[in-house]
Amino acid sequence: MENRITLRHLEAFRAIMVRRTVTGAAEMLDVTQPVVTRLIAEFEERIAIPLFERTKGRLVPTPEATLLFEDVHQSLMGIERIASASTNIKSLRLPRLEIAAAPSMALSFLPRAIASYTTEHPDTLVALHTHSTSTVIDMVQGGRCDLGFAMRNTRNGRYGNSELLLSAKMVGIVPVHHRLATREVLHPEDFDGERFVSLAPLMESRTRIDALMLARGVQRRTNVETQLSSAVVKLVEAGAGIGLVEPLTASAYTGNALKFIPFEPEVTVDYSIVISPRMSSTLILKPFIDNARREIRKMLPAHLIV
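Described below are features of the structure shown in this document. Just so you know, these numbers come straight off a predicted model, no measurement behind them.

**Here's the deal with the nonpolar core**
Then step 1. In this structure, M105, F109, L147, F149, F191, Y271 and F288 are the most contacted members of the largest nonpolar core, which totals 60 residues.
Then step 2. Looking at which element gives the most residues to this core, the answer is helix α11 (residues 282-299), with 6 residues.
Then step 3. When near neighbours in sequence (up to four residues on either side) are disregarded, L147 contacts E98, I99, A100, V140, I273, V274, I275, L285, F288 and I289.
Then step 4. Residues F13, V36, L39 and L76 belong to the second largest nonpolar core, which totals 20 residues.

**Focus: the sheet that holds strand β11 (residues 258-262)**
Then step 1. On the basis of which strands lie adjacent, the open sheet formed by 5 strands has the order β9-β8-β10-β7-β11 and mixed pairing. Of all strands in the sheet, those with a lone pairing partner are β9 (221-226) and β11, marking the two edges. The sheet shows a mean angle of 30° between the axes of neighbouring strands, taken without regard to direction.
Then step 2. Along the sheet, helix α8 (residues 204-215) contacts β8 (195-199), β9 and β10 (242-245); its crossing angle with β8, the most-contacted strand, is approximately 140°.
Then step 3. Taken strand by strand, helix α9 (residues 229-237) contacts β7 (171-175), β8, β9, β10 and β11, and its axis lies near 155° from that of β10.

**Here's the deal with the packing of helix α2 (residues 22-29) against helix α3 (residues 33-47)**
Between two packed helices, both the angle of their axes relative to each other and the distance between the axes serve to describe the pair.
Then step 1. Axis separation between α2 and α3 bottoms out at 8 Å; the angle between their running directions is 105°. Overall, the two elements α2 and α3 adopt an arrangement that is roughly perpendicular. Contacts from V22, T23, A25, A26 and L29 in α2 reach Q33, V36 and T37 in α3.
Then step 2. Residue composition of the contact of α2 with α3, by class: 5 nonpolar, 3 polar and no charged.

**Observations concerning α9**
Then step 1. For α9, the set of buried residues is S229, V232, V233 and V236. Here the buried residues of α9 occupy an arc of 100° about the axis, which is enough to place them on one side.
Then step 2. Looking at the buried side of α9, the elements it contacts are β7, β8, β9, β10, α10 (247-252) and β11.
Then step 3. Count one or two residues on from α9 and you reach G239, which has phi positive near 95°.

**Details of the packing of helix α1 (residues 7-19) against α3**
Then step 1. Running from N to C, α1 and α3 point in directions that differ by 110°, and their axes come no closer than 9 Å. Judged by the inter-axis angle, α1 sits roughly perpendicular to α3. Packed against α1, whose contacting residues are R8, H9, L10, A12, F13 and I16, the element α3 presents V36, L39, I40, E42, F43 and R46 at the interface.
Then step 2. Partitioned by chemical class, the residues of the contact of α1 with α3 number 8 nonpolar, 1 polar and 3 charged.

**Side note on the pairing of strand β12 (residues 268-275)**
Then step 1. Most of β12 sits out of view: 7 of its 8 residues are buried.
Then step 2. One ladder, built from 4 bridges, connects strand β5 (residues 147-150) with β12; its direction is antiparallel. Bridged to L147 within β12 is I275.

**Some words on the environment of I16**
Then step 1. Along the chain, I16 falls in helix α1.
Then step 2. What makes I16 buried here is its relative accessible area of 0%.
Then step 3. The spacing of I16 and Q141 is 125 residues in sequence and 29 Å in space, taken between C-alpha atoms.
Then step 4. Sequence-distant contacts of I16, that is, excluding residues within four places in its chain, are made with T21, V22, A25, V36, I40, F52 and L59.

**Quick look at the environment of A240**
Then step 1. For A240, the position within the fold is in the loop between α9 and β10.
Then step 2. For the pair A240 and F149, spaced 91 residues apart in sequence, the C-alpha to C-alpha distance is 29 Å.
Then step 3. Aside from chain neighbours lying at most four places away, what touches A240 is R195, V197, N223, V224 and L235.

**Quick word on the packing of aromatic side chains**
Then step 1. As enumerated under the stated definition, the model contains 9 aromatic pairs in all.
Then step 2. On the basis of an interplanar angle of 80° and a centroid distance of 5.4 Å, the ring pair of Y117 and F288 is categorised as edge-to-face. With Y117 in helix α6 (residues 110-120) and F288 in helix α11, this residue pair connects regions lying 171 residues apart in the sequence.
Then step 3. Exposure remark for F288: the relative accessible area of 0% places this residue in the buried category.
Then step 4. Among the aromatic residues, ring-to-ring pairing joins F13, F43, F52 and F69 into one connected group.
Then step 5. Positioned above the aromatic ring of F196, the side-chain terminus of R220 is 4.6 Å from the ring centre.

Cut-offs used in this document
Residues numbered from 1 in each chain as written. Predicted model: local features only at pLDDT ≥ 70, side-chain atom pairs only at ≥ 80, totals over all residues. Heavy atoms only, no water. Core = buried A, V, L, I, M, F, W, Y, C linked by side-chain atoms within 4.5 Å. Buried < 20%, exposed > 50% of the residue type's maximum accessible area, 1.4 Å probe, protein only. Helix = DSSP H or I, 4+ residues; strand = E, 2+ residues; numbered from the N terminus. Contact = heavy atoms within 4.5 Å. Pairing = 2+ DSSP bridges. Axes fitted to C-alpha atoms, helices over the stretch in contact; angles between N-to-C directions. Parallel < 35°, antiparallel > 145°, perpendicular 65-115°, else oblique. Nonpolar A, V, L, I, M, F, W, Y, C, P; charged D, E, K, R; others polar. Arc of directions from axis to C-beta. Phe/Tyr/Trp six-rings, centres within 6.5 Å; stacked < 30°, edge-to-face > 60°. Lys NZ or Arg CZ within 6 Å of the ring centre and 35° of its normal.

This is the structure we're talking about:
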């Protein structure tokens with residue numbers, strides 16, 4: 001039993017990854033610094049993987065630690081969910097709705113949908129988790145949440161019980177003083193020779209954009225990539241190039257340094273809901289899905305909805 005990994009080892013690892021110092025981790029766990037140091041040393045020994053480099057009194061995560069962190073975090077979330085569920089049962093509390101969402105959805109229409117829902121259902125606790133689309137789908141299929149809001153085509157049935165909220169057109173994004181800022185519509189050829197801020201490889205939208213540009217013989221200078229549409233906006237605003245973004249992120253922009261311009265031929269994105277097989281209560285789900293469908297349509301201009 002001496003070599004077993006305990007819950008306390010995982011909690012100490014997560015605390016170090018979040019706070020990045022032994023002092024911060026000790027405060028987070030409400031223990032002494034020597035306890036955290038001992039737990040981390042034991043954890044590294046028992047999994048036989050170096051997790052941190054000791055540099056000037058700080059613990060710098062190794063690449064292995066970064067890879068392990070997501071799994072440890074998800075495992076602890078599952079344990080915390082069990083603890084929360086047991087508390088709810090003991091106190092006879094009404095249902096808890098666990099939602100996972102891609103960032104562009106979690107930070108745009110979902111807060112309004114949640115606010116409306118909790119006003120109408122004040123005894124239901126809504127928990128919102130923000131993750132990449134692939135992680136959202138994994139969480140739903142693994143039973144770690146009830147509803148997933150993902151930017152992916154779910155109409156092929158690969159993801160089980162799912163619904164399409166809507167499809168919408170991506171838009172071009174350029175600084176207001178850029179030579180293309182006065183255009184009413186952007187085409188692939190307009191991007192030829194331009195510095196381009198791209199979505200990360202293997203993302204569905206990235207694949208379609210690259211295929212379109214290749215088919216038109218357009219040569220962009222892509223020297224910045226990111227997995228977040230909101231980061232594309234910030235990078236273009238900072239002068240890193242121009243780009244294409246999904247319309248929810250464009251609609252959420254409140255600054256005056258950028259122009260969002262329709263793009264043709266249209267490149268569409270699907271905003272979908274994936275429903276956990278464990279969730280059978282339509283009394284909880286249907287009102288929330290109705291709120292989400294209403295709020296996303298409020299955010300997007302009609303000309304961008306397919």
